[in-house]
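Descriptive analysis of the structure
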Amino acid sequence: DTAVSQTPKYLVTQMGNDKSIKCEQNLGHDTMYWYKQDSKKFLKIMFSYNNKELIINETVPNRFSPKSPDKAHLNLHINSLELGDSAVYFCASSRGGTSNQPQHFGDGTRLSIL
Amino acid sequence: AQTVTQSQPEMSVQEAETVTLSCTYDTSESDYYLFWYKQPPSRQMILVIRQEAYKQQNATENRFSVNFQKAAKSFSLKISDSQLGDAAMYFCAYRSLVVADKLIFGTGTRLQVFP
């Protein structure tokens, strides 16, 4: 069983559209994250949620709106997509509060903006 | 703010040989955690090894070991008996105890393994 699953794996869409990426984890973790990996493979945190509450928002444009309906889900909605949003987006989860617990990553969603 | 630097964009190694990937970091904190993640072409992010800064003993996981030099803020990864399946991007990552809810990644090292 996949521990952290993201859908879709690939997303191709036009500039200006709105799209969502879903993430679910079945590990019983209470903290979830979104990371963005750019074309140069650089990975950077976007958001983290602990028990459905936003903990970190790393100066991400407000076109990006995460939503956590429960501890097992953290979805990412993006409005008015721009060319610069093309990237691979990774969802991750961990047991919060103890920093030595590793983050478990999903397989990523490759978003391509035409 | 903490930073993580991987100065080797690419490395290569012959199968069965040993290779060391470098990572340095900058922090004013005394306690933190360090990780190495592997990203094969399949795009998955796979945890390779982790090290707690308060532990002097270097972490090992089978063929993977680290050389953790806290004073020098260095955290290199040694892969012994390299295998073709080790070919991937390797990312070094830092996790603070103060702001624990994110990983700070280096820019990655692409490792090629030749038969």
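Report on the accompanying structure.

What about the sheet that holds strand β7 (residues 64-70) of chain A?
Residue and element names in this part refer to chain A. Pairing in this open sheet of four strands is antiparallel, and the strands run β1-β3-β8-β7 from one edge to the other. Looking at the sheet topology across the chains shown, the edges are occupied by β1 (4-7) and β7. Sheet twist, expressed as the mean angle between neighbouring strand axes with direction ignored, is 20°.

Overview of the environment of Ile113 of chain A
Residues and elements named next belong to chain A. Among the secondary structure elements, Ile113 is positioned in strand β11 (residues 109-113). Considering only alpha carbons, one finds Ile113 and Thr59, 54 residues apart in sequence, at a separation of 21 Å. Each residue touching Ile113, except ones within four places of it in the same chain, is listed here: Thr13, Gln14, Met15, Leu81, Glu82, Leu83, Asp85 and Ser86.

Considerations on the pairing of strand β6 (residues 46-52) of chain B
Each regular strand displays side chains that alternate between the two surfaces of the sheet. All names here are of chain B. Relative to β6, strand β5 (residues 32-39) runs antiparallel, the two being bridged by six bridges. Residue pairing in the sheet places Leu34 in a bridge with Gln51 of β6. The turn linking β5 back onto β6 is made up of six residues, and Arg43 within it adopts a positive phi angle of 85°.

Structural notes on the pairing of strand β12 (residues 109-114) of chain B
Residues and elements named next belong to chain B. Along β12, the buried face is formed by Thr109, Leu111 and Val113; none of Arg110, Gln112 and Phe114, which line the opposite face, is buried. Pairing geometry for strand β2 (residues 10-14) and β12, over five bridges, is parallel. Considered in β12, the bridge of Glu10 is made with Arg110.

Thresholds applied
Residues numbered from 1 in each chain as written. Chains lettered and ligands numbered in written order. Predicted model: local features only at pLDDT ≥ 70, side-chain atom pairs only at ≥ 80, totals over all residues. Heavy atoms only, no water. Pairing = 2+ DSSP bridges. Helix = DSSP H or I, 4+ residues; strand = E, 2+ residues; numbered from the N terminus. Axes fitted to C-alpha atoms, helices over the stretch in contact; angles between N-to-C directions. Contact = heavy atoms within 4.5 Å. Buried < 20%, exposed > 50% of the residue type's maximum accessible area, 1.4 Å probe, protein only.

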